[in-house]
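Below, each chain spelled out in residue letters.
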Amino acid sequence: MEINNDTPNPRVAADIPQPAPMLAPEAVVGQLRALRGQIGEVTPLSVAERKALRSRAQTTNAVLQASINVIGASDKVSQAVDQPADAVRSLYDEANRWTAVEDELRTMLHGIAGANLVRRERLALIATRAYKLGTELARDPANALLLPHVEEIKRLRRTSRRKKAASAPQTGTSGTPKP
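Quick look at the structure, then. What you are looking at is a predicted structure, and each value in this text was computed from that prediction instead of being measured.

1. Digging into the layout of surface pockets
When its volume is computed, the largest pocket comes out at roughly 2000 Å³. Elements that contribute at least two residues to the lining of the largest pocket include exactly helix 2 (25-38), helix 3 (47-56), helix 4 (61-73) and helix 6 (85-138). Here the element with the most residues in the lining of the largest pocket is helix 6; it accounts for 14 residues. Class assignment for the residues of the lining of the largest pocket results in 20 nonpolar, 5 polar and 8 charged. Taken as a whole, the second largest pocket holds about 240 Å³ of empty space. In this structure, the second largest pocket is lined by P25, V28, V29, L32, M108, I112, A115, N116 and R119. Sorting the residues of the lining of the second largest pocket by element identifies helix 2 and helix 6 as the ones contributing at least two each.

Structure representation (structure tokens):
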């Protein structure tokens, strides 16, 4: 009896982990929105609100733990802050666990932003090469169809440089714009 080794064993093939398919940006946005809907508290804050809360929340873990102990040691303190010590401990633990989520999301955001920056740089390099090649080829009358495209790129480049210069005028010490 001869064993056919050409036919893969379905059991062995199922044990091999398959790579997850790469997601399109639109699919990632959809999944992030769905995930945001499943998270209880997502509170967008203005810069001023964030700054005010950050300054008020600056308390060391040692001080937080000691304060929770004060709440647990006295029913009067617990009633005055309107929180039992166990509820405050739970809030403390929850805040620490969500810090891990925050760090992971920040890391992912930085990674995605970096990858997108690399894409934009590649695009800029390709565009520059195309413009330079188009400019060279347009010099030959046989490639005259490239001339309007090259001229449009020149016009757009001049316009973008002009807008940048106009949006940030420099002033001298006398308060008048520098030439």
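Next comes the rest of the description.
2. Let's talk about the nonpolar core
Within the largest apolar cluster, 5 residues are counted, these being I68, I71, A85, V88 and Y92. For this core, the elements supplying multiple residues, two or more each, are helix 4 and helix 6. When sequence neighbours within four positions are dropped, the list of residues in contact with A85 reads I68, I71 and G72.

Reading guide: rules and limits
- Numbering of residues begins from 1 in every chain and follows the order in which that chain's sequence is written.
- In view of the model being predicted, local features appear only for residues whose pLDDT reaches at least 70, and side-chain atom pairs are presented and counted only at 80 or more, with totals across whole chains, interfaces and linings using the full set of residues.
- Hydrogens and water molecules were not included; the side-chain quantities draw on all heavy atoms of the structure.
- Each cavity reported here is a set of points on a 1 Å grid over the protein atoms alone in which a 1.4 Å probe fits but cannot get out, each pocket an open set with protein on both sides within 12 Å along at least five of seven lines, and each lining residue one with an atom within 4 Å of a point.
- Grid points are joined across faces, edges and corners, and a volume is the space filled by probe spheres set on the points.
- Secondary structure counts use DSSP, requiring at least four H or I residues in a row for a helix and at least two E residues in a row for a strand, with both numbered from the N terminus.
- Classification used: nonpolar for Ala, Val, Leu, Ile, Met, Phe, Trp, Tyr, Cys and Pro, charged for Asp, Glu, Lys and Arg, polar for all others including Gly.
- In this description, a nonpolar core means a group of buried Ala, Val, Leu, Ile, Met, Phe, Trp, Tyr and Cys residues linked to one another through side-chain atoms lying within 4.5 Å.
- Categorising residues by exposure relies on relative accessible area from a 1.4 Å probe, with only protein chains included: less than 20% of the type maximum marks a residue as buried, more than 50% marks it as exposed, and the intermediate range marks it as partly exposed.
- Residues count as neighbours in contact if any of their non-hydrogen atoms are within 4.5 Å of one another.

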